[in-house]
Amino acid sequence: MSSGRRSRTRRAGSSSLSSSRSISEDQISELLSKLQALLPESQARNGGAGSAARVLQDTCSYIRSLHQEVDNLSETLAELLSSADVTSDQAAIIRSLLM
């Protein structure tokens, strides 16, 4: 089979697959609006609807910053729990709050 024929076959197969799971542009716009509303920086900066690519980039950046914040807080908590200033009762309370 020639490569041109293979690519046409793949495109035909993928279009039939995507049509069975298609999502309308209105649904995509609604989902992007909801996602953008969850992004504090994006919402304040753009003041409205942004491009889909921009919303997704902002989402990825926000998730990365949240991961970094969790890492920093985990490190701080580990240092706190291992310090001599924390009693075993205080450590138990902190651990129970984390569960």
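Keep in mind the model is a prediction, meaning the values are calculated, not measured.

## Here's the deal with the pattern of salt bridges
For step 1, the next point in the chain: Counting across every chain of the model gives two salt bridges.
For step 2, the next point in the chain: For lysine 34, the salt bridge goes to glutamate 30, with nearest N and O atoms at 3.2 Å. Placement of the pair is lysine 34 and glutamate 30 together in helix α2 (residues 25–37), with a separation of four residues, close to one helical turn.
For step 3, the next point in the chain: Assessed through its relative accessible area of 49%, lysine 34 is described here as partly exposed.
For step 4, the next point in the chain: Judged by relative accessible area, which is 45%, glutamate 30 ranks as partly exposed.
For step 5, the next point in the chain: Between arginine 54 and aspartate 58 there is a salt bridge, and its shortest N-O distance comes to 2.9 Å.

## Overview of the packing of helix α4 (residues 52–82) against helix α5 (residues 88–98)
For step 1, the next point in the chain: Between α4 and α5, the shortest axis-to-axis distance is 10 Å and the interhelical angle comes to 150°. The pairing of α4 with α5 is recorded here as roughly antiparallel in orientation. Of the two elements, α4 crosses α5, and the hand of that crossing is left-handed. Residues Leu77, Leu80 and Leu81 of α4 form the contact with α5, whose participating residues are Ala91, Ile94 and Leu98.
For step 2, the next point in the chain: A per-class count over the contact of α4 with α5 returns six nonpolar, no polar and no charged.

## A word on the confidence of the model for the protein
For step 1, the next point in the chain: This prediction gives the protein a mean pLDDT of 75; 69% of its residues lie at or above 70.
For step 2, the next point in the chain: The model gives residues 5–17 a pLDDT under 50, and that stretch makes two contacts with residues more than four places away or in other chains.

## Notes on α4
At 3.6 residues per turn, the α-helix brings residues three or four places apart onto the same side.
For step 1, the next point in the chain: The first and last C-alpha atoms of α4 sit 45 Å apart over 31 residues, in line with the 45 Å expected at 1.5 Å per residue.
For step 2, the next point in the chain: Every buried residue of α4 is accounted for by Val55, Asp58 and Thr59.

## Observations concerning the environment of alanine 37
For step 1, the next point in the chain: Within the element layout of this structure, alanine 37 appears in helix α2.
For step 2, the next point in the chain: Between the C-alpha atoms of alanine 37 and valine 55, which are 18 residues apart in sequence, the distance is 9.8 Å.

About the thresholds
Residues numbered from 1 in each chain as written. Predicted model: local features only at pLDDT ≥ 70, side-chain atom pairs only at ≥ 80, totals over all residues. Heavy atoms only, no water. Salt bridge = Lys/Arg side-chain N within 4 Å of Asp/Glu carboxyl O. Helix = DSSP H or I, 4+ residues; strand = E, 2+ residues; numbered from the N terminus. Buried < 20%, exposed > 50% of the residue type's maximum accessible area, 1.4 Å probe, protein only. Axes fitted to C-alpha atoms, helices over the stretch in contact; angles between N-to-C directions. Parallel < 35°, antiparallel > 145°, perpendicular 65-115°, else oblique. Left-handed = near helix turned anticlockwise from the far one by under 90°. Contact = heavy atoms within 4.5 Å. Nonpolar A, V, L, I, M, F, W, Y, C, P; charged D, E, K, R; others polar. pLDDT = per-residue confidence, 0-100. Expected span 1.5 Å × (residues − 1).

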